[in-house]
Amino acid sequence: MSRSAHPAGPRHADVLTEGHYSAPPADLNSLDPKVWSSTVTRDKGGELTVGGLEVSRLAEEFGTPAYFLDETDFRARCRAWADAFGRDADVFYAGKAFLSRAVVRWLHEEGLNLDVCSGTELATALDAGMPAERIAFHGNNKSEAEIRRAVEAGVGRIVLDSFQEIVRVAHIAQELGTVQKAFIRVTVGVEAHTHEFIATAHEDQKFGIALADGQAAEAVRRALKLDGLELIGIHSHIGSQIFDMAGFEVSARRVVQLLAEVRDEHGVELPEIDLGGGLGIAYTSEDDPREPHEIATALSEIVTRECSAAGLRAPRISVEPGRAIVGPTAFTLYEVGTIKPLEGLRTYVSVDGGMSDNIRTALYDAEYSVSLVSRTSDAEPMLVRVVGKHCESGDIVVRDAFLPADLAPGDLIAVPATGAYCRSMASNYNHALRPPVVAVRDGSARVIVRRETEEDLLRLDVG
Ligand code: LLP
């Protein structure tokens, strides 16, 4: 199991953060297919290629740091999820992981739906031609303007997150002379991260309406009464970077229990449930994620079993994977700058990016791996900490890893599995210019999000 295991949400006291690196890998030059996208390999000269293109040429053309996104792998993952869930279920890609117009077009072409959680994510989706009925609109504090925009556009579902919002959405839909399809997001009392889940007391958070104390049942009661709403289902999202299906099992059981209560009280069988996202990926070789078909089978078995026990027709299931689709498809390419050996400790390797392009290590103690990619090396492994160029000692990209001892300034190193929540959470700290996202496919590379420029930054600063 990967060591510091909390990529999202508040940290638990039992999460280890320091000095828990494993032994160096047997071969520092090998590229573990678990953490690299499917077209990544080393060419005869030992250089890493993606989509058939060498990283040195990519660095020359697009600069560093930069995210390289393997479009072939992205599309294959979309298809794997769509195929695994089949016609009786819906896969919504969670755009918060990484969203751009190109990505929206790929999703559309591969038949996926899209979950957005802000007016501007919605605008991006619509601008790139995602049909509104295939969009789900989320958020715990949607503004009236955002709700109006979503209803006007005709989004397929709005996920209602509070009592106020139930009324607000119903009112706006009525004003616009329409009926909005909606889900109610409930908190099921489960919080899951990586290999663990905790099945008590996790109502203490800002999302959703608690199942406990009949709150969610009351929300359903109110929503069913309002003319502007068509309540079609219950939504639950339990956490992030989850490998173990036990949390989903508890969540599905509790959601189905609510469906049964709704049937008993109102004589209505809500036709859908959404079990959210949160499925884990491999950031290091120690992580062992599930394949989409295993997840689909497990979820559908759980829901079918619970429904037949409750005497309900099995509802249509949706899921919302973000990280599991885009995470493994990209790596960040950096150029090595300074190298500082600290006797008896480790060697600090500074790169030309840092916490502005990957905040996850600093924010969640997330773990990453790193490889020398512009060449191979037979040198001994050295324990390194890859750090950025920001004015902050927490500016760490990879906390503990091994790189060859002959690493030198100017070498290119790459951090795999940075497709999710890296560009989308990137910042301009120290006036860093956010790196581009370059899509690579079949021997060609194109910028899908360009690098920010000094002019971009200065234009915002109106003096
Ligand atoms: N659906 C809902 C309602 C969500 O809140 C999320 C993530 C997802 C789906 C997608 O989850 P995924 O499959 O990508 O784990 N910034 C954090 C992750 C925050 C996730 C928030 N919600 C990180 O970098 O780990």
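Per an unreviewed UniProt entry, the recorded name for the chain is Diaminopimelate decarboxylase, and the organism is Streptomyces violascens. A UniProt comment under Sequence similarities (unreviewed entry) is attached to the chain, and it reads "Belongs to the Orn/Lys/Arg decarboxylase class-II family. LysA subfamily." Heading Cofactor (unreviewed entry) of the UniProt record for the chain holds this comment: "pyridoxal 5'-phosphate".

*Asks:* What exactly am I supposed to notice about the UniProt feature "binding site: pyridoxal 5'-phosphate" (unreviewed entry) in the chain here?
*Replies:* The positions UniProt marks with the feature "binding site: pyridoxal 5'-phosphate" (unreviewed entry) are Gly278, Glu320, Pro321, Gly322, Arg323 and Tyr421. Checked against the element boundaries, Glu320 lands in the loop between β16 (316-319) and α10 (323-326). When residues no more than four places from it in sequence are discounted, the contact partners of Glu320 are Phe92, Ala94, Asp115, His138, His235, Asp274, Gly276 and Gly277. Side-chain polar atoms of Glu320 contact the side chain of His138, separated by 2.7 Å.

*Asks:* Looking at this structure, how should I read the sheet that holds strand β2 (residues 48-50)?
*Replies:* The strands making up a sheet associate through hydrogen bonds between their backbones, and the pairing can be parallel or antiparallel. Pairing is antiparallel in the open sheet, where three strands are placed in the order β1-β2-β3. The open sheet has two free edges, formed respectively by β1 (41-42) and β3 (53-54), since each of these has just one partner strand. Pairing between β1 and β2: two bridges, direction antiparallel. Looking across to β2, one finds that Arg42 is bridged to Leu48.

*Asks:* Would you mind going over the nonpolar core with me for this structure?
*Replies:* A general feature of soluble globular proteins is that nonpolar side chains tend to end up buried together. Counting 113 residues, the largest nonpolar core has Phe74, Tyr93, Ile184 and Ile413 as its most contacted members. Here this core gets nine residues from one element, more than from any other, and that element is helix α8 (residues 246-266). The residues that make up this core include at least three from each of domain 1 (41-70 + 328-456) and domain 2 (138-321). Once you skip the residues sitting within four places of it in the chain, Phe74 turns out to touch Leu69, Tyr93, Val103, Trp106, Leu107, Ile325, Val326 and Thr329. Counting residues in each nonpolar core, the second largest holds 21 residues, with Val35, Leu48, Val50 and Leu333 among its members.

*Asks:* What should I look at first to understand the side chain of Lys142 in this one?
*Replies:* In this fold, Lys142 is placed in the loop between β7 (135-137) and α5 (144-153). For Lys142, the side chain forms a polar contact with the main-chain oxygen of Gly139, separated by 2.8 Å. At a separation of 2.6 Å, a polar atom in the side chain of Lys142 contacts the side chain of Glu165. Setting aside residues no more than four positions away along its own chain, Lys142 makes contact with Phe137, Ile147, Ile158, Val159, Leu160, Asp161, Glu165 and Arg168.

*Asks:* Would you take a moment to explain the pairing of strand β22 (residues 412-416) for this structure?
*Replies:* When a strand is regular, its side chains alternate between the sheet's two faces. Across the five residues of β22, five count as buried, placing the element largely inside the fold. By the alternation rule, side chains of β22 split into Leu412, Ala414 and Pro416 and Ile413 and Val415, which are all buried. Where strand β17 (residues 330-342) lies against β22, five bridges are found, and the strand directions are antiparallel. The partner of Glu335 across the bridge, within β22, is Leu412. Relative to β22, strand β19 (residues 371-372) runs antiparallel, the two being bridged by two bridges. Across the sheet, the residue bridging to Ser371 is Ala414, located in β22.

*Asks:* For this particular structure, what's the right way to read the sheet that holds strand β14 (residues 239-242)?
*Replies:* Taken together, the three strands give an open sheet; going across it, the order is β11-β10-β14, and neighbouring strands pair in mixed fashion. Across the chains shown, the open sheet's two edge strands, defined by having one partner strand only, are β11 (196-198) and β14. Between one strand axis and the next, the sheet turns through 20° on average, direction left out of account.

*Asks:* Looking at this structure, I do not really get α5. What am I missing?
*Replies:* Count 3.6 residues to each turn of an α-helix, and residues three or four apart come out pointing the same way. Here α5 has its buried residues at Ile147, Ala150 and Val151. The arc that holds every buried residue of α5, seen down its axis, measures 95°, which confines them to one face. Facing away from the buried side of α5 by over 90 degrees, the exposed positions are Ala145 and Glu152. Tucked inside the fold, the buried residues of α5 contact α4 (119-127), β7, β8 (157-160), α6 (163-175) and β9 (180-187). Just past α5, the residue Gly154 takes up positive phi, approximately 90°.

*Asks:* Quick question: what am I supposed to make of the domain arrangement of the chain here?
*Replies:* Frequently, the measure chosen for interface size is the accessible area removed from exposure when the parts meet. Considered domain by domain, the chain is made up of domain 1 (41-70 + 328-456) and domain 2 (138-321). Taken over C-alpha atoms, the centre of domain 1 sits 37 Å from the centre of domain 2. Taken together, the contact pairs six residues of domain 1 with four residues of domain 2. The contact between domain 1 and domain 2 buries some 490 Å² in all, and 59% of this surface belongs to carbon and sulfur atoms. Sorting the residues of domain 1 by area buried against domain 2 places Pro328, Glu367 and Ala417 first, and these three jointly supply 57% of that buried surface. There are zero salt bridges connecting domain 1 and domain 2.

*Asks:* How should the environment of Lys340 be read in this particular structure?
*Replies:* Tracing the sequence through the fold places Lys340 in strand β17. In this structure Lys340 comes out as exposed when scored by relative accessible area, which is 53%. Spatially, the C-alpha atoms of Lys340 and Ser350 are 8.3 Å apart, while their sequence positions differ by ten residues. When near neighbours in sequence (up to four residues on either side) are disregarded, Lys340 contacts Arg346, Thr347 and Tyr348.

*Asks:* Got a minute to help me understand the environment of Asp365 in this structure?
*Replies:* Tracing the chain through its elements places Asp365 in the loop between α11 (360-364) and β19. For Asp365, a relative accessible area of 4% puts it in the buried group. Between the C-alpha atom of Asp365 and that of Gly233, which follows or precedes it by 132 residues, the distance is 35 Å. At a separation of 3.0 Å, a polar atom in the side chain of Asp365 contacts the side chain of Arg399.

*Asks:* Could you clarify how one ought to interpret the pairing of strand β23 (residues 437-441) in this entry?
*Replies:* Taking burial as the measure, the five residues of β23 include four buried ones, the bulk of the element. Here strand β4 (residues 66-70) runs beside β23; their pairing, made up of four bridges, is parallel. Along β23, the bridge assignment pairs Phe68 with Val438. As paired elements, β23 and strand β24 (residues 444-449) share five bridges and run antiparallel to each other. Each residue of the ladder has a partner; that of Arg441, found in β24, is Ser444. As consecutive antiparallel partners, β23 and β24 are separated by two residues, and within that stretch Asp442 has a phi angle of approximately 45°, a positive value.

The rules behind these values
- Residues numbered from 1 in each chain as written.
- Predicted model: local features only at pLDDT ≥ 70, side-chain atom pairs only at ≥ 80, totals over all residues.
- Heavy atoms only, no water.
- UniProt positions renumbered as here; feature names shortened; annotations may be inferred.
- Helix = DSSP H or I, 4+ residues; strand = E, 2+ residues; numbered from the N terminus.
- Contact = heavy atoms within 4.5 Å.
- Polar contact = N/O pair within 3.5 Å; in protein donor to acceptor, adjacent residues only side chain to side chain.
- Pairing = 2+ DSSP bridges.
- Core = buried A, V, L, I, M, F, W, Y, C linked by side-chain atoms within 4.5 Å.
- Buried < 20%, exposed > 50% of the residue type's maximum accessible area, 1.4 Å probe, protein only.
- Domains from an automatic or database assignment.
- Axes fitted to C-alpha atoms, helices over the stretch in contact; angles between N-to-C directions.
- Arc of directions from axis to C-beta.
- Buried area = accessible area lost by both parts, 1.4 Å probe.
- Salt bridge = Lys/Arg side-chain N within 4 Å of Asp/Glu carboxyl O.

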